[in-house]
Amino acid sequence: MTTSEPASGNGNGGAAPGELLLKVEGVTAGYGGGDILKGVSFTVARNEIMCIVGPNGSGKSTLLSTISGILRPRTGEIAFLGDSLVGLAPRQILGKGVVLVPQAHSLFAEMTVRENVEMGAYTVRDPALVRRRRDEIEEMFPLVRERAADKAGSLSGGQQRLVELARSLMLDPSLIVLDEPSIGLDPPTRRTVFQMVRLMNEQGRTILLVEQNARAGLKLSTRGLVLENGRVRLTGTGREILEHPEIGSLYLGGAVSSTPAG
Amino acid sequence: MSARAPVRALLVVLGIVILGVFPLVFSNPTTTSIAFFTVVFMVCASAWNMFAGSSGYIALGHAVYFGCGAYALTLLANHLGFAAGWGVFALVPVAGIVAGLIAIPTGLIALRARRHTFVVITIAFMFIFQLAAFNLGFTGGSSGLQPPTPLWSVKTYNDNFYYVIALVLLATVALSWLVRRSRFGLQLLAIRDDEERARGLGVRVGRVKLTAFILSAIPVGMAGGVYAYFLGQIFPQFAFDPLFDLSIALMAFLGGLGTVAGPLLGALVLESLQQYFTVQYGASQAYLIIYGALFLVVVLLLPRGVIPSVEELISRWRSRSGAPEPEPGETGRTGGGVVEAGAR
């Protein structure tokens with residue numbers, strides 16, 4: 001328990017914007033026999049919103065699982081602020097300020113909204129700190145305060161996503177890893193969720209997200225990465241990828257720049 | 001929540017006062033003896049609920065810890081040459097520790113399994129311990145053991161035992177309340193809701209479950225010790241009794257599983273009722289019919305138990321008579337609206 005208690009200010013303290021936050025180098029990983037990731041390398045700088053896109057089975061979710069410690073890479077290196085994350089338990093990685101928000105429905109349905117948010121900081125021993133963070137988060141997400149005593153399972157899909165985002169802030173993380181934040185949401189709700197992601201980014205948090213809705217994800221992001229068959233096909237700014245002729249026709253249904261996105 | 005807090009505080013104070021003055025007001029030995037047994041079961045149901053109600057693992061073998069506490073106190077009092085009297089009560093915490101120690105290996109084994117398999121393993125443990133108590137030499141086999149018997153008057157005897165078990169109850173309820181409100185309790189609730197999800201958040205589920213299991217065995221062991229000393233004799237079939245396992249679980253279900261007050265209410269109603277029937281109509285086990293009927297009523301009308309159902313009724317009544325509830329869509333809109341304002 002000692003390793004996983006960031007006392008305060010991971011989000012904004014420390015180094016300047018643009019500094020290298022996460023470095024993934026030559027990562028090979030997979031379940032069972034085969035490799036899903038085949039030598040993936042990329043970097044994420046502080047204050048970026050980096051979006052990973054790619055077809056089904058390209059290894060997007062596997063990559064996030066590997067970064068957050070759920071899956072151990074077979075080869076390669078993952079470094080966060082210069083410290084290796086390889087071999088650390090998810091809990092220890094959480095303690096370093098890297099928080100994963102898993103794909104939809106990760107709340108505890110029978111627990112209240114407030115209990116769910118507090119679960120985000122169950123490793124923090126100082127109750128005053130937990131209360132302070134909770135107050136800040138309730139300020140940012142009024143929904144969390146309004147529905148505090150309601151069971152999380154009684155919220156709509158979009159509201160649950162917002163509570164998941166709120167929960168991820170309880171450890172005051174530097175890097176928030178989002179797995180398909182817009183999955184299953186209607187366009188207006190998706191816009192609300194993306195606005196919240198942008199707000200979190202404006203508050204000094206770096207975001208790494210995987211998005212099935214590639215166009216919307218890339219529009220939200222400062223940089224994008226195309227994953228194909230477990231290899232990095234292309235990296236660049238969100239706009240560069242959106243306008244790349246081949247990528248556009250392969251994954252984004254072509255004629256990208258002219259189509260309005262969510 | 002803030003409106004409820006003073007009411008709760010008042011109820012707690014009232015409960016403690018009633019617990020304290022009960023034998024002074026109702027001094028009839030039959031009544032105080034019923035009160036003693038009732039408080040024993042309040043301790044056990046509350047402790048059981050601390051693990052099972054919070055984690056969702058319905059253990060049906062806590063008689064193991066009750067019996068081990070009973071045998072531990074009796075064996076230690078006899079072998080260490082304790083004179084009958086107050087001194088033996090010093091062994092009550094030791095009985096709790098012995099139960100806690102036995103909960104380590106049994107818990108480690110049982111908690112490797114989930115849900116139904118877990119339940120079956122806990123039942124199996126109970127019968128293994130009963131069988132061992134029948135067959136091992138140091139337990140006295142089927143003729144059981146006798147702890148020293150204090151030579152107090154009937155009234156003093158009942159009162160002394162009552163106040164000792166009342167202290168154990170206060171400690172157990174305090175522990176249960178602390179667990180419910182702690183980070184540890186939050187992790188238990190998360191396990192009850194979805195163990196894999198809790199593991200995914202980094203909760204050390206194995207360690208949390210085992211700790212709660214051990215914590216819940218300790219007060220049950222202490223109650224077993226006091227119970228054996230009160231009865232002045234202990235037999236395998238009463239120390240390791242399957243009906244005990246069912247009773248404490250049913251008490252928690254009746255009052256409200258997972259709540260602090262629920263098991264206390266359940267034990268208060270069921271155990272006092274059972275004792276009363278036994279006194280009135282002899283040990284015919286006719287109370288089992290009443291148990292069955294009562295549970296049918298609860299399952300049909302109040303499936304979540306009395307306390308959560310009553311709380312729901314009160315909050316529904318309040319929202320109807322007080323301020324109108326927000327429209328279902330309103331909260332969502334508010335959330336979205338402020339998000340937009342913040343994003344600008």
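Reading guide: rules and limits
- Residues numbered from 1 in each chain as written.
- Chains lettered and ligands numbered in written order.
- Predicted model: local features only at pLDDT ≥ 70, side-chain atom pairs only at ≥ 80, totals over all residues.
- Heavy atoms only, no water.
- Helix = DSSP H or I, 4+ residues; strand = E, 2+ residues; numbered from the N terminus.
- Buried < 20%, exposed > 50% of the residue type's maximum accessible area, 1.4 Å probe, protein only.
- Contact = heavy atoms within 4.5 Å.
- Areas by Shrake-Rupley, 256 points an atom, 1.4 Å probe, with all protein chains shown as cover.
- Buried area = accessible area lost by both parts, 1.4 Å probe.
- Salt bridge = Lys/Arg side-chain N within 4 Å of Asp/Glu carboxyl O.
- Polar contact = N/O pair within 3.5 Å; in protein donor to acceptor, adjacent residues only side chain to side chain.
- Nonpolar A, V, L, I, M, F, W, Y, C, P; charged D, E, K, R; others polar.
- Pairing = 2+ DSSP bridges.
- Axes fitted to C-alpha atoms, helices over the stretch in contact; angles between N-to-C directions.
- Core = buried A, V, L, I, M, F, W, Y, C linked by side-chain atoms within 4.5 Å.
- pLDDT = per-residue confidence, 0-100.
- Parallel < 35°, antiparallel > 145°, perpendicular 65-115°, else oblique.
- Left-handed = near helix turned anticlockwise from the far one by under 90°.
- Phe/Tyr/Trp six-rings, centres within 6.5 Å; stacked < 30°, edge-to-face > 60°.

Moving on to the overall build of chain A. A tally of regular secondary structure across chain A gives 10 helices and 10 strands. When the 262 residues of chain A are sorted by exposure, 55% land in the buried category. For chain A, contacts bridging at least 24 residues in sequence account for 69% of all contacts bridging at least 6. As presented, chain A carries roughly 10,200 Å² of accessible surface, and 50% of it is formed by carbon and sulfur atoms.

Next up on the list: the interface of chain B and chain A. Between chain B and chain A, the contact holds 23 residues from the first and 28 residues from the second. Summing both partners gives a buried area of about 2,500 Å² for chain B against chain A, and 60% of it is carried by carbon and sulfur. Of all residues in chain B, Arg183, Leu186 and Leu201 of chain B bury the most surface against chain A, accounting for 27% of the area lost on that side. At the surface where chain B touches chain A, the tally comes to 1 salt bridge. Across the salt bridge formed by Arg180 of chain B and Glu115 of chain A, the nearest N and O atoms sit 3.6 Å from each other. Where chain B touches chain A, the interface holds 9 residue pairs in polar contact (both at pLDDT 80 or more). Elements represented by at least two residues in the side of chain B that touches chain A include exactly helix 7 (183–193), helix 8 (195–200) and helix 15 (328–343) of chain B. In terms of residue count, the dominant contributor to the side of chain B that touches chain A is helix 15 of chain B (9 residues). Across the side of chain B that touches chain A, the residue classes tally to 9 nonpolar, 7 polar and 7 charged.

A few words on the sheet that holds strand 10 (residues 231–237) of chain A. All names here are of chain A. The sheet built from 6 strands is open, its strands ordered 6-7-8-3-9-10 with mixed pairing. In this open sheet, the two edge strands, each paired with only one partner strand, are strand 6 (98–101) and strand 10. The mean angle between the axes of side-by-side strands here comes to 15°, regardless of whether they run parallel or antiparallel. Pairing of strand 3 (residues 49–53) with strand 9 (residues 223–228) involves 4 bridges; the strand directions are parallel. Bridge assignment links Ile52 to a residue of strand 9, and that residue is Leu225. Where helix 7 (residues 187–202) meets the sheet, it contacts strand 3, strand 7 (175–179) and strand 8 (206–210), and its direction lies at approximately 150° from that of strand 8.

Turning next to the side chain of Gln274 of chain B. On the secondary structure map, Gln274 of chain B appears in helix 12 (residues 261–281). Under the relative-accessibility criterion, Gln274 of chain B is labelled buried at 13%.

What follows concerns the pattern of salt bridges. As enumerated under the stated definition, the model contains 27 salt bridges over all chains in all. The salt bridge involving Lys155 of chain B is made with Asp159 of chain B; its shortest N-O contact spans 2.6 Å. Of this pair, Lys155 of chain B and Asp159 of chain B both sit in helix 6 (residues 154–181), 4 residues apart, which is roughly one turn of that helix. Relative accessible area serves as the criterion here: at 37%, Lys155 of chain B is assigned to the partly exposed category. Arg316 of chain B is the partner of Glu312 of chain B in a salt bridge, and the nearest nitrogen-oxygen pair spans 2.9 Å. Highlighted residues: Glu312 of chain B and Arg316 of chain B, both in helix 14 (residues 306–321), separated by 4 residues, approximately one helical turn. Since its relative accessible area comes to 43%, Arg316 of chain B is described here as partly exposed. A single network of salt bridges, built from pairs that share partners, joins Arg114, Glu118, Arg134, Glu138, Glu139 and Arg145 of chain A.

The strands that make up a sheet pair up through hydrogen bonds in the backbone, lying either parallel or antiparallel. Residues and elements named next belong to chain A. The strand order 2-1-4-5 describes an open sheet built from 4 strands, whose pairing is antiparallel. Each of the sheet's edge strands pairs with one partner strand only, and the pair in question is strand 2 (37–45) and strand 5 (83–84). Where strand 1 (residues 20–29) lies against strand 2, 7 bridges are found, and the strand directions are antiparallel. For Ala29, the partnering residue across the bridge sits in strand 2 and is Leu37.

All names here are of chain B. Counting through the fold element by element, Ala45 comes out in helix 2 (residues 29–55). Ala45 gets classed as buried once you look at its relative accessible area, which sits at 0%. For Ala45 and Val168, which are 123 residues apart along the polypeptide, the C-alpha to C-alpha distance reads 13 Å. For Ala45, the contacting residues outside a window of four places in its chain are Ile248, Met251, Pro263 and Ala267.

Position of Glu195 of chain B relative to the elements: it lies in helix 8. When residues no more than four places from it in sequence are discounted, the contact partners of Glu195 of chain B are Tyr57, Arg114, Arg115, Ala190, Val205 and Lys209 of chain B.

This next bit is on the nonpolar core. In terms of nonpolar packing, the biggest core is built from 98 residues, with Met119 of chain A together with Val40, Phe51 and Ile165 of chain B touching the most fellow members. Beyond its immediate stretch of four places on either side in the chain, Ile165 of chain B contacts Phe36, Val39, Val40, Val43, Ala223 and Val226 of chain B. Core analysis: the second largest hydrophobic core is formed by 46 residues, Phe141, Ala152, Met196 and Met200 of chain A among them.

The subject of this paragraph is the confidence of the model for chain B. Residues and elements named next belong to chain B. On average, residues of chain B score 88 in pLDDT, and 92% of them reach the 70 mark or higher. Contacts of residues 324–344 to residues separated by more than four positions or lying in other chains number 17 contacts, the stretch itself having pLDDT below 50. Across the assembled chains, the prediction reports ipTM 0.76 with pTM 0.83.

Before going further, it helps to examine the packing of helix 12 of chain B against helix 13 (residues 287–301) of chain B. All names here are of chain B. Helix 13 packs onto helix 12 with a crossing angle of 150° between their chain directions and a minimal axis gap of 10 Å. The orientation of helix 12 with respect to helix 13, classified from their angle, is roughly antiparallel. As helix 12 packs across helix 13, the resulting crossing turns out to be right-handed. When helix 12 is examined against helix 13, the residues Leu270, Glu271, Leu273, Gln274 and Phe277 are found in contact with a partner set consisting of Tyr287, Ile290, Tyr291, Leu294 and Phe295. Among the residues forming the contact of helix 12 with helix 13, the class breakdown is 8 nonpolar, 1 polar and 1 charged.

Take the packing of aromatic side chains next. Residue and element names in this part refer to chain B. Considering all chains together, one arrives at 32 aromatic pairs over all chains under this definition. Between Tyr157 and Phe161, the aromatic rings sit 4.8 Å apart at their centres with planes inclined by 40°, giving tilted as the arrangement. Linking Tyr157 with Phe161, this pair stays in helix 6, spanning 4 residues, or about one helical turn. Each of the two residues, Tyr157 as well as Phe161, counts as buried.

All names here are of chain B. Relative orientation of the contacting elements helix 2 and helix 6 amounts to 20°, with a least axis distance of 9 Å. One way to sum up the angle between helix 2 and helix 6 is to call them roughly parallel. Here helix 2 runs over helix 6; the crossing is left-handed. Here the residues of the contact of helix 2 with helix 6 are counted per class, giving 19 nonpolar, 6 polar and 1 charged.

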